[in-house]
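Each chain, letter by letter, is given below.
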Protein chains: 2
Amino acid sequence: MLKTYTYENLSTEEIEKLILRNSDPNHSIQSTVNDIIDEVRINGDTALVNYAAKFDQVQLQKLYLDKAEIEELAMSIGREQQRALEIAFQNIHKFHSSQLKRERVVETMPGVKCWREVRPIEKVGLYIPGGSAVLPSTLLMLGVPARIAGCKEIVVCSPPQKNGKINGFVAYCLILLKIERIYLVGGAQAIAAMAFGTSSIPKVDKIFGPGNQFVTKAKSTIQSLTNVSIDMPAGPSEVLVIADETANPAFVAADLLAQAEHGEDSQAVLVATNSDFVIQVNAELEAQISALPRQDIAAKAIDNSYAVVTNDLRQAMQFSNRYAPEHLILETDAWQTITSLIFNAGSVFLGHLTPESAGDYASGTNHTLPTSGYARSYSGVSVDSFVKKITFQSINEEGLQHIGSTVEILAELEGLQAHKNAVSIRMK
Amino acid sequence: MLKTYTYENLSTEEIEKLILRNSDPNHSIQSTVNDIIDEVRINGDTALVNYAAKFDQVQLQKLYLDKAEIEELAMSIGREQQRALEIAFQNIHKFHSSQLKRERVVETMPGVKCWREVRPIEKVGLYIPGGSAVLPSTLLMLGVPARIAGCKEIVVCSPPQKNGKINGFVAYCLILLKIERIYLVGGAQAIAAMAFGTSSIPKVDKIFGPGNQFVTKAKSTIQSLTNVSIDMPAGPSEVLVIADETANPAFVAADLLAQAEHGEDSQAVLVATNSDFVIQVNAELEAQISALPRQDIAAKAIDNSYAVVTNDLRQAMQFSNRYAPEHLILETDAWQTITSLIFNAGSVFLGHLTPESAGDYASGTNHTLPTSGYARSYSGVSVDSFVKKITFQSINEEGLQHIGSTVEILAELEGLQAHKNAVSIRMK
C-alpha cells in the first residue's frame, strides 16, 4: 500500500525529502570496483577470463562470439519473438532517424560564415546486462542510434551464460543491427575493458548502458579516471503517474507495478488530484500484485514508494517537476492542457492508453533515460548521444575587414597580445 | 623552436605518446578541493567570505553586486570597447539562435506518435574566471546560449577584485545579457557554492565554465558527489595547425603563439606537409615572440609543443584525428577537399584568413570547447548544453491494437510480467 501525503500540508523540507532518491554511499562497492578496474587495466584478457570463472561460473576459451555463433543462437528463437524484435527495431529506427538534421550556414557578418557539422563518435561501447535478467531491448535502444549516427566501431559487452553463450534474443538483435561480434564480459570488468582496451577488446571513446551498482560505479569511476566518457549517471528506475478523476485505477496500478517489478529500489510515485482515487489504486495494487512472478520484489518497491494528493493537475505538475521523474505518465483526459507545464522528465506517456511499457520496448522512443533527478539537466539517450557537433568558421577578406577590429579590441582588453597579432598580421 | 617529427618514421607507440596531453595526477589539489567543498557545504556564506579574504585579499560586506552597482561599473569602460562587446554579443547570438529547431512528430505505427520537445535547464551556474586575467568573452559564450535556451535562473560567479568589485567589461556583458546580479566568489569555492547552494547563492542544476586546476577539479568532484552536472571536463587549451606550401609561415606562427600565450601548459601543434615550412615557421616564431608581453609563458608553451611533417594533407588529417584538437586551423588553399576527413575536433578554422582568435571572440561560434582529446566524444558548448530534449509518446486505440502484442511478447521474453499486464489490461 502506498503511503499517502497531502501536497498542501507538506513543508519545503518534507518535499525535499520526498524527492530525494536512494543514494548509495556504499564505499565497499567503490573499493571493489577500483580493484577490478586495476586488475583489468594491468592483466587485460587474463583478468577477464578469471572474472568470468568467478562471477559467471564459466571457463571461457575465447572472450567473444563471432558471426556464425551469433547466427546459430539467433535462429534458435521463435518466429513470433523474432517478429516482435523486428517491429521494435523498426519503430526505434524510424523515430531516431528523425533526430539529426543538417544545419544551415549562418553568415554572422558579411564574409564571416559559421556552421556545425555532425560527426559520429568513432568507437562506442555498449553494455548489455545479462545473467538472470536478459535485456535484448536495451541492445536495440543503444545499437539503433549508434548505427544511425554512423559509429565506425560498436563494441558490445554482455556477461556470458553458464554455457559460455548469450541469449538467443540478444543474438537476434545483433543480427538486426549487423553487429558481428559480442564480447562475453559482464560487470565492472566489462566497463574497465572498454575503457582501457585489452588484447581482445577494443578501447572505446564513450560507454553506454545500464547495469547493476557495480557497473554504474565503474562507469562513474572511469569517467573521472580516463578521458572515456559515459552516457549518463544511472540510478534505480522510477515512474511518476499523474492521475485525475478520469483515470482508470486498474491501469494506474498496472503501471506502478510495471515499475515496481524492476527492483526493490525502484520507485513508483502516484500523484492524484483526489484521495479516494488513491484508495482505489491501493485496492487494485493488492489485487494485481498477487499474480506477479516477481511479486516479492514489487511489494518491496511499493513499500519504498508513495502517493501525493494535490488540489489539481497544475499542482500535480509542480510536484512532478521537482521530482524530475525518469518516466512520467499523464493519466487524464486533459493531458493536452498540461504538457507545456512539464519541465523536468525523461520520457512522457500521454493519456490512458499509453503505458510506460510501450516506450520500454516498442513505441520508438529510447528507454535509456535520466534517473534520480538527473532529468533536471540530462536528456535520455538519442542519436545526439552518439555524435559530436563540430563548429566550423570561414572568413574571407571582406569578413576580416568587418570583424578584424572587434577581435583586436577584445584581445587587447583581455591582455592577450598574441591573439590580437593573429588578426593584425592578416589585415596588413 | 618546435621539436620536429616525421610522421612516417613514428611508431604507433610514439604517436600515442605525442597525442597524450599533460595529465595532472596532483593529489594535493584533490585534497585541497575536497576541504574547500566540505567547508562551503557546511558553513555556506561564512566560508565564502573567509575564502575571499584569504584568496582574493578582500573583505566582502555582501557576496554579490546588484543591478545598480553593475551598471555603474559597465559605464566606466570606453565606448569603443562597449561597441566591440556588442558586436561579439550579436554574432554569438545570431549563430547560437540557429541551433534549436522544433522537431516533427513521428508516427512510428498508425496511432503511435512520438516526438521530442525542448525544455531549458531551469537553473544554471556560470563560472567566469577573474583575478589577474579578465574574461568577459567567456561570459558572453556561456550567457548567450543560456538566454537563448530560456534558462529561468542564471547564476554567475566570478572572483572579486581587491576593491570588492568586478571588471567593467564583465559588467557590460552582464548588462547585454540582462543578468542583474553577479556573485563575488571565485575558485573551487564558487563551484561548491553553486552545487550545494548557500544563503546567498542559489543551488543550480548544471555548472559551466573554464577555470584553473582547482576549479576544474572541483567541477569533476561535484559531478561525482552530487547530481549537479557539468558542461565538460577541462584541460589546458590547445591548437593544431595543418599547413601546406600555400600557407603563410607568419600567419601560422602568429596562430601558434596566440595559443601559447594562454599558459605554459598550452600546446600548439604544427602539422606541415613540408619540412622546410617548419623551419620558416620556427624563424617566424623567434621573430614574433620577442614583442609579446606574455613571452615567457609563450616560450615555455612552445617548448612543450612540436611539429609533425607528413607526406600530404590526408596524412596530416590522420594525425589530427588521432590528436583530436580543441582548435583545428586548416591553412591551405585546399581546405574544402579535406573538411570531410575531419572526425575529431572542437572548432575548425578554414583557410588563411580565419585565425582562431576570431572564434575566441567574435565570429559567433562558441569558444568553450573539449580539450585533452575529449573532442573524440564531446561537442563544444552550444544551446544544446543548456536544454534537455524530453521524449513524448501518445498512443490511441488504433495504436494500441498495432503495438500491443509486440509489447506483450517482448515483456514476456524479458520475464517482466507486470510490464506485459500494463498493456494487456488496456487491450481488454
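Model, not experiment: these values are computed from the prediction.

Strand order across the open sheet formed by 9 strands is β1(A)-β12(A)-β11(A)-β10(A)-β13(A)-β14(A)-β15(B)-β4(B)-β3(B), with mixed pairing between neighbours. With one partner strand each, in any of the chains shown, β1 (3-6) of chain A together with β3 (106-109) of chain B form the two edges of the open sheet. The sheet shows a mean angle of 20° between the axes of neighbouring strands, direction not considered. Note: strand β11 (residues 267-272) of chain A against strand β12 (residues 306-309) of chain A, 4 bridges, orientation parallel. In the sheet register, A:L270 faces β12(A), and the bridge partner there is A:A307. Across the sheet, helix α4 (residues 79-97) of chain A touches β3, β4 (112-120) and β15 (387-395) of chain B, and the angle it forms with β3(B) is around 170°.

What follows covers the UniProt feature "active site" (unreviewed entry) in chain A. Residues and elements named next belong to chain A. In the UniProt entry, the feature "active site" (unreviewed entry) is given for E326 and H327. Among the secondary structure elements, E326 is positioned in the loop between α12 (313-323) and β13 (327-331). By relative accessible area, which is 5% here, E326 ends up buried. With residues near it in sequence (within four places) discarded, E326 still touches S237, E238, A345, G346, S347, H367, L369, P370 and T371. Among the polar contacts listed, one links the side chain of E326 to the side chain of S237, at a separation of 2.9 Å. On the secondary structure map, H327 appears in strand β13. Residues within four places of H327 in sequence aside, it is in contact with S237, E238, V239, L240, Q259, S347, F349, E356, D360 and L369.

The subject of this paragraph is the side chain of A:E331. Within the secondary structure layout, A:E331 lies in strand β13. A polar contact is formed between the side chain of A:E331 and the side chain of B:R426, at a distance of 3.4 Å. If near-sequence neighbours (up to four positions away) are discounted, A:E331 is found in contact with A:V241, A:I242, A:A243, A:D244, A:T246, A:A247, A:F251, A:V252, A:D255, A:G351, A:H352 and B:R426.

What connects the two chain copies is a rotation about an axis and a shift along it. In the superposition of chain B on chain A (RMSD 0.0 Å, axial shift 0.0 Å), the rotation amounts to 180°. Here the symmetry operator amounts to a two-fold rotation axis. Closest to the rotation axis within chain B is the C-alpha of B:S224, separated from it by 4.0 Å. Counting the interface residues of chain B, we find that 100% of their copies in chain A are interface residues as well, pointing to one common contact surface.

If you look at the interface, chain B gives 117 residues, while chain A gives 117 residues. Of the roughly 10,300 Å² buried at the junction of chain B and chain A (both faces included), carbon and sulfur atoms supply 60%. Looking at the side of chain B facing chain A, the largest losses of area belong to B:Y361, B:Q393 and B:R426, adding up to 8% of the total buried there. Inspection of the chain B/chain A interface yields 8 salt bridges. At the junction of chain B with chain A, the criterion picks out 70 residue pairs in polar contact (both at pLDDT 80 or more). In the side of chain B that touches chain A, the residues fall into 54 nonpolar, 39 polar and 24 charged. In the sheet, strand β15 (residues 387-395) of chain A pairs with strand β14 (residues 347-350) of chain B via 4 bridges, with the strands oriented parallel. Looking at the pairing, A:F392 lines up with B:V348 of β14(B).

Predicted confidence across chain A gives a mean pLDDT of 95, with 98% of residues reaching 70 or more. Here the predicted complex scores 0.97 on pTM and 0.96 on ipTM.

What follows covers the pairing of β13(A). Residue and element names in this part refer to chain A. With 5 of 5 residues buried, β13 is to be regarded as a mostly interior element. Judged from the 5 bridges that link them, strand β10 (residues 238-243) and β13 form a sheet pairing that is parallel. Residue pairing for β13: V239 is matched across the bridge by H327. Pairing analysis gives 4 bridges linking β13 to strand β14 (residues 347-350), with the strands arranged parallel. Paired with L330 across the two strands is L350, which belongs to β14.

Accessible area lost on assembly of the parts is the figure often given for the size of an interface. What the domain assignment reports for chain A is domain 1 (3-22 + 236-364), domain 2 (28-97 + 120-232) and domain 3 (396-427). Computed from C-alpha atoms alone, the centre-to-centre distance between domain 1 of chain A and domain 3 of chain A is 57 Å.

What counts and how
Residues numbered from 1 in each chain as written. Chains lettered and ligands numbered in written order. Predicted model: local features only at pLDDT ≥ 70, side-chain atom pairs only at ≥ 80, totals over all residues. Heavy atoms only, no water. Pairing = 2+ DSSP bridges. Helix = DSSP H or I, 4+ residues; strand = E, 2+ residues; numbered from the N terminus. Axes fitted to C-alpha atoms, helices over the stretch in contact; angles between N-to-C directions. Contact = heavy atoms within 4.5 Å. UniProt positions renumbered as here; feature names shortened; annotations may be inferred. Buried < 20%, exposed > 50% of the residue type's maximum accessible area, 1.4 Å probe, protein only. Polar contact = N/O pair within 3.5 Å; in protein donor to acceptor, adjacent residues only side chain to side chain. Least-squares fit on C-alpha atoms with pLDDT ≥ 70 in both. Buried area = accessible area lost by both parts, 1.4 Å probe. Salt bridge = Lys/Arg side-chain N within 4 Å of Asp/Glu carboxyl O. Nonpolar A, V, L, I, M, F, W, Y, C, P; charged D, E, K, R; others polar. pLDDT = per-residue confidence, 0-100. Domains from an automatic or database assignment.

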